[in-house]
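Listed below are the residues making up each chain.
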Amino acid sequence: ELTQRYEIKTLHYTEIVALENDSVLIRSKMAPVISGKTPDSYDYIFDIDNKYAFRTHTETQNKIILRQMSGIAVASLIILALLIFSYIYLMRTILKQKTLEEIKRDFTNNMTHELKTPISVAYAANDVLLNYSSEKNESRRKDYLYIIKEQLQHLSGLVEQILSMSRDEQKEISLKIESINLRSLCRQLISEYRLKTEKPTEFTLAITDSFSINADRIHFYNILSNLIDNSLKYSGPSVHISISAKKENKKTIIEVIDNGNGIKKEQQERIFDKFYRVPTGNIHDIKGYGLGLYYIKRLIETHNGKITVISEYGKGSKFIIEWTL
Ligand code: ADP
């Protein structure tokens, strides 16, 4: 009754004890047997001789405080977790935005650089024609006009490239799967690149004669062509490119390995991103839009395949294609 009146909610037990020998005379119902005085018991002596006392046992204070605070504590923990989570999410979004911004800027720089060259060449040639209209030499006039035409063609080619890029983006890639002899496809590619490149290049082809693979011929050709092209582009004055293929429990593993520039660890995961190019400062000696590997990855994934890279900066790179078709 008293506990109700004073709203005491703490668990407690009362007993009447004889103080002389600390023996319990009466104990409240349900009380666990606790003998003697403890730090959490309180004595109230009620007789004149100091012989008898009421003794109340309560829970320890810490326990009470913890129990009363448990709601707040749990809530705080949840809020803390939420806060940390949102902070990390925010930071990641900001970082992503920043890199996107950088990529966009690099792309614009690249693009302007590429577009500016033909424009300024055509401009200069046109200027010559305008300022020296008295030029009697017909063949030189023609030369200039041809230069202008060539540059304009190059320019329209660039524009067409950009347009087709955005068109390809929207289009679903359609596949025409057939069995391809990988060795002969690679040999064809290698002989084409031997003609195209002036760089001393050594090719190694480790594919058996009748090795075949199911794929869309044109797409697969583009995939390998892009990889070889990159190995040639991102390497020193000479390069060794090796292409190999093997079957490994139902999968085909194709590897294109070069001893070129290599890619730093932190950039490796990003090279497959759209428009991503490894930053080279203000030097634009190697042309590209950072779309090659993005395109390859997309193609390989439409074939249910996978592409990964292992690379060491300054030593070379290895592109691994896992093919399941
Ligand atoms: P692009 O060649 O047009 O820049 P890619 O998507 O083909 O675009 O390549 C992205 C980036 O990956 C390149 O800028 C280059 O720095 C790096 N890279 C690709 N292939 C190689 C390679 N074989 N060796 C070294 N770096 C490479």
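Parameters and conventions
- Residues numbered from 1 in each chain as written.
- Predicted model: local features only at pLDDT ≥ 70, side-chain atom pairs only at ≥ 80, totals over all residues.
- Heavy atoms only, no water.
- Pairing = 2+ DSSP bridges.
- Helix = DSSP H or I, 4+ residues; strand = E, 2+ residues; numbered from the N terminus.
- Axes fitted to C-alpha atoms, helices over the stretch in contact; angles between N-to-C directions.
- Contact = heavy atoms within 4.5 Å.
- Buried < 20%, exposed > 50% of the residue type's maximum accessible area, 1.4 Å probe, protein only.
- Polar contact = N/O pair within 3.5 Å; in protein donor to acceptor, adjacent residues only side chain to side chain.
- Salt bridge = Lys/Arg side-chain N within 4 Å of Asp/Glu carboxyl O.

1. Regarding the sheet that holds strand 8 (residues 239–248)
Taking strand neighbours across the sheet as the criterion, the five strands line up as 6-8-9-11-10 in an open arrangement whose pairing is mixed. With partners counted over all chains shown, the strands left at the sheet margins are strand 6 (201–206) and strand 10 (306–312), one partner each. With strand direction ignored, the average angle separating the axes of adjacent strands in the sheet is 15°. Inspection of the sheet shows strand 8 paired to strand 9 (residues 251–258) by eight bridges, in the antiparallel sense. Residue pairing for strand 9: Lys 247 is matched across the bridge by Thr 252. The strands touched by helix 4 (residues 182–196) within the sheet are strand 6, strand 8 and strand 9, with strand 6 carrying the most contacts at an inclination of about 175°. Running over the sheet, helix 7 (residues 292–302) touches strand 10 and strand 11 (316–323) and is turned about 140° from strand 10.

2. Brief notes about unusual backbone geometry
Phi angles above zero are rare outside glycine, and Asp 22 is one such case at about 60°. Position of Asp 22 among the secondary structure elements: in the loop between strand 1 (12–18) and strand 2 (23–27). Positive phi is not limited to glycine here, since Lys 250 has a value of about 70°. Looking at where Lys 250 falls in the secondary structure, it is placed in the loop between strand 8 and strand 9.

3. Describing the environment of Trp 323
With respect to the helices and strands, Trp 323 occurs in strand 11. With a relative accessible area of 0%, Trp 323 lands in the buried category. Separated by 314 residues in sequence, Trp 323 and Lys 9 have C-alpha atoms that sit 70 Å apart. Setting aside residues up to four positions removed in sequence, Trp 323 forms contacts with Ile 213, Asn 214, Ala 215, Phe 220, Ile 223, Lys 250, Lys 251, Thr 252, Ile 254, Ile 300 and His 303. A polar contact of 2.7 Å, which involves the side chain of Trp 323, links it to the backbone oxygen of Asn 214.

4. Regarding the pairing of strand 8
Taken together, the six bridges between strand 6 and strand 8 define a ladder with parallel strand orientation. Bridging across to strand 8, Phe 203 finds its partner in Ile 241. Remark: two residues form the turn of the hairpin made by strand 8 and strand 9, two consecutive strands paired antiparallel; Lys 250 in that turn has positive phi of roughly 70°.

5. Some words on the pattern of salt bridges
This model, assessed by the stated rule, comprises nine salt bridges. Residue Arg 55 pairs with Asp 22 through a salt bridge whose shortest N-O separation is 2.9 Å. Placement of the pair is Arg 55 in strand 4 (residues 52–58) and Asp 22 in the loop between strand 1 and strand 2, with a sequence separation of 33 residues. Looking at Arg 55, the relative accessible area reads 1%, which means it is buried. On the basis of relative accessible area, Asp 22 is assigned to the partly exposed category, the value being 31%. Three or more residues are tied together by salt bridges with common partners; here these are Asp 22, Asp 43 and Arg 55.

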